[in-house]
Amino acid sequence: MAPVRLRHPKGVSTIEVLLDAPDFTILDLQQEIYATTNILPSRQILKAGYPPRQLTIVPDLPLQALGLQRGDQIIVNEASSDQAPPPQSQSSSVPARSPLAPAPTQTYTAPAPIPRSVPVQPSPPVQSSGPDSVEVDGSFLVHRIVPDDNSCLFSSVALVFEQSISKAQQIRKIVADGIRNNPETYNEAILGMPPSQYIATITKPTSWGGAIELSIIAAHYSAEIASIDVETGRIDHFSPGEHGAASGMRAILIYSGIHYDAATLAPMADAPDEWHQTLFPILSGDDNSDPILVAAKKLADILRSKKAFTNTSTFDLRCEGLKGEKGARAHAEQTGHVRFGEY
């Protein structure tokens, strides 16, 4: 490990990175910076050298490609909402990974450091004919995409717990019953509106769901729900809690910022639906040692490399120029408008 100084809007910090390890990538550096500064990788503007020059960010390249040395200083700024973030692309010098294959474990010779003054030319995105997946002990954890129709959370949950997205409305009823049966927990202060109004809203097929709904669903099925955020790689755990007995099983959801999908295990990426395993034993409380969670994070890495996420604090909505998910929710409640699209 080698120290690298960060000068960022909150002050000066020092992080430890693997400068000479070929498997420590620029994306790993960005995640370390995110942990220190809370600036998302997609919004980071990085400069180094003297005079400071903006670094070209290619997440899949080894950190060695930036030519950083022990004790170097990186200046970190956050792109404003009207400023394009620094380019992030795959380098043509790095072999493209098939989304159906596991991340390579063998070592390789890192490319020569890229001069900071020479921009990296992006390569065209890798096209895949099947769903994104990650190999796990001979099987594949598969990204299961559900319709983008305002019921994605309920469809994803129906897929993993009921094996059919057609039961999304049944999941909404489970949420409504959970609120109705636990008035002390799900009161107006928690829900942001009277429980009866919340129930009437959430049972409509056009209403979005979030953390409250996932907590209730986890309690109903006595299983943990792990939601992986594509942009940051963060895993949010929703446990059965006091209203449900834990079964020791876990479901996996993939969250893009505005959309939920599911992740299930199959003997092959394009296996029929009935061959998919949708719940998994919890083998470890550590996100970095449970094999299914490790695979889920790799699956999020694949989607992140394809920019398959939305920053909800900055994206614009076509409906009257609303900004962000919170604005969309408030506008939907006031007007009944529920179909939004990004600019």
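Residues numbered from 1 in each chain as written. Predicted model: local features only at pLDDT ≥ 70, side-chain atom pairs only at ≥ 80, totals over all residues. Heavy atoms only, no water.

A short note on the overall build of the chain
The number of helices and strands found in the chain is 8 helices and 12 strands. For the chain, buried positions account for 45% of its 343 residues. Long-range contacts, defined here as pairs at least 24 residues apart, represent 66% of the contacts in the chain between residues at least 6 apart. Of the roughly 17,100 Å² of accessible surface on the chain, 52% is carried by carbon and sulfur atoms. (Helix = DSSP H or I, 4+ residues; strand = E, 2+ residues; numbered from the N terminus. Buried < 20%, exposed > 50% of the residue type's maximum accessible area, 1.4 Å probe, protein only. Contact = heavy atoms within 4.5 Å. Areas by Shrake-Rupley, 256 points an atom, 1.4 Å probe, with all protein chains shown as cover.)

Describing the nonpolar core
It is characteristic of soluble globular proteins that their nonpolar side chains tend to be buried jointly. Counting residues in each nonpolar core, the largest one holds 34 residues, and the members touching the most others are Val 157, Phe 161, Ile 171, Ile 179, Leu 214, Ile 217 and Ile 225. Looking at this core, the elements with two or more residues in it are helix H2 (152–162), helix H3 (168–181), helix H5 (195–202), helix H6 (211–221), strand S10 (249–255) and strand S11 (260–266). Looking at which element gives the most residues to this core, the answer is H2, with 8 residues. Core analysis: the next-biggest nonpolar cluster, separate from the first, contains 24 residues, Leu 6, Ile 15, Leu 46 and Leu 63 among them. (Core = buried A, V, L, I, M, F, W, Y, C linked by side-chain atoms within 4.5 Å.)

Describing the confidence of the model for the chain
Of the residues in the chain, 74% reach a pLDDT of 70 or more, and the chain-wide mean stands at 78. Per-residue pLDDT stays below 50 along residues 88–128; that stretch engages in 62 contacts with residues further than four places along the chain or on separate chains. Confidence drops under a pLDDT of 50 for residues 314–343, and excluding neighbours within four residues, the segment shows 57 contacts in the predicted structure. (pLDDT = per-residue confidence, 0-100.)

Some remarks on the packing of aromatic side chains
Across all of its chains, the model carries 2 aromatic pairs by this definition. Ring geometry for Phe 161 and Tyr 221: centres 4.2 Å apart, planes at 10°, overall stacked. Here Phe 161, found in helix H2, pairs with Tyr 221, found in helix H6; they are 60 residues apart in sequence, far enough to count as distant. With a relative accessible area of 19%, Tyr 221 lands in the buried category. (Phe/Tyr/Trp six-rings, centres within 6.5 Å; stacked < 30°, edge-to-face > 60°.)

Structural notes on H5
All of the buried residues along H5 are Tyr 198, Ile 199 and Ile 202. Each buried residue of H5 lies within a common arc of 100° when the element is viewed along its axis, so the set occupies one face. Each element contacted by the buried residues of H5 is listed here: H2, H3, helix H4 (188–191) and H6. (Arc of directions from axis to C-beta.)

As for the environment of Gly 71
Relative to the assigned elements, Gly 71 resides in the loop between strand S4 (53–54) and strand S5 (73–78). A C-alpha to C-alpha distance of 9.8 Å links Gly 71 and Ile 15, two positions 56 residues apart in sequence. Sequence-distant contacts of Gly 71, that is, excluding residues within four places in its chain, are made with Pro 3 and Arg 5.

Observations regarding the side chain of Arg 172
Of note, Arg 172 is situated in helix H3. Asp 149 is the oppositely charged side chain nearest to the buried, salt-bridge-free Arg 172, at an N-O distance of 6.8 Å. Only 2.7 Å separates the side chain of Arg 172 from the side chain of Ser 151, close enough to count as a polar contact. (Lys, Arg positive; Asp, Glu negative; His and termini not counted. Salt bridge = Lys/Arg side-chain N within 4 Å of Asp/Glu carboxyl O. Polar contact = N/O pair within 3.5 Å; in protein donor to acceptor, adjacent residues only side chain to side chain.)

Describing the packing of H3 against H6
Running from amino to carboxyl end, H3 crosses H6 at an angle of 90°, the nearest separation of the two axes being 9 Å. Overall, the two elements H3 and H6 adopt an arrangement that is roughly perpendicular. Side by side, H3 and H6 meet where Ile 171, Ile 174, Val 175, Gly 178 and Ile 179 of the first sit next to Glu 213, Ile 216, Ile 217, His 220 and Tyr 221 of the second. Classifying every residue of the contact of H3 with H6 by side-chain character gives 7 nonpolar, 2 polar and 1 charged. (Axes fitted to C-alpha atoms, helices over the stretch in contact; angles between N-to-C directions. Parallel < 35°, antiparallel > 145°, perpendicular 65-115°, else oblique. Nonpolar A, V, L, I, M, F, W, Y, C, P; charged D, E, K, R; others polar.)

Structural notes on the sheet that holds S4
Strands belonging to one sheet form pairs held by backbone hydrogen bonds; the direction of such a pair is parallel or antiparallel. Within the open sheet, the 5 strands sit side by side as S2-S1-S5-S3-S4. Their pairing is mixed. Every interior strand has two partners, whereas the edge strands, strand S2 (11–17) and S4, have only one. Relative to S5, strand S3 (residues 44–48) runs antiparallel, the two sharing 5 bridges. Bridged to Ile 45 within S5 is Asn 77. Contacts from helix H1 (residues 26–37) reach strand S1 (2–8), S2, S3 and S5, with the element oriented near 140° to S2. (Pairing = 2+ DSSP bridges.)

Section: the packing of H3 against H5
Relative orientation of the contacting elements H3 and H5 amounts to 175°, with a least axis distance of 9 Å. Taken together, the axis directions place H3 and H5 in an arrangement best described as roughly antiparallel. Contacts from Arg 172, Val 175, Ala 176, Ile 179 and Arg 180 of H3 reach H5 at Pro 195, Tyr 198, Ile 199 and Ile 202. Its residues placed into classes, the contact of H3 with H5 shows 7 nonpolar, no polar and 2 charged.

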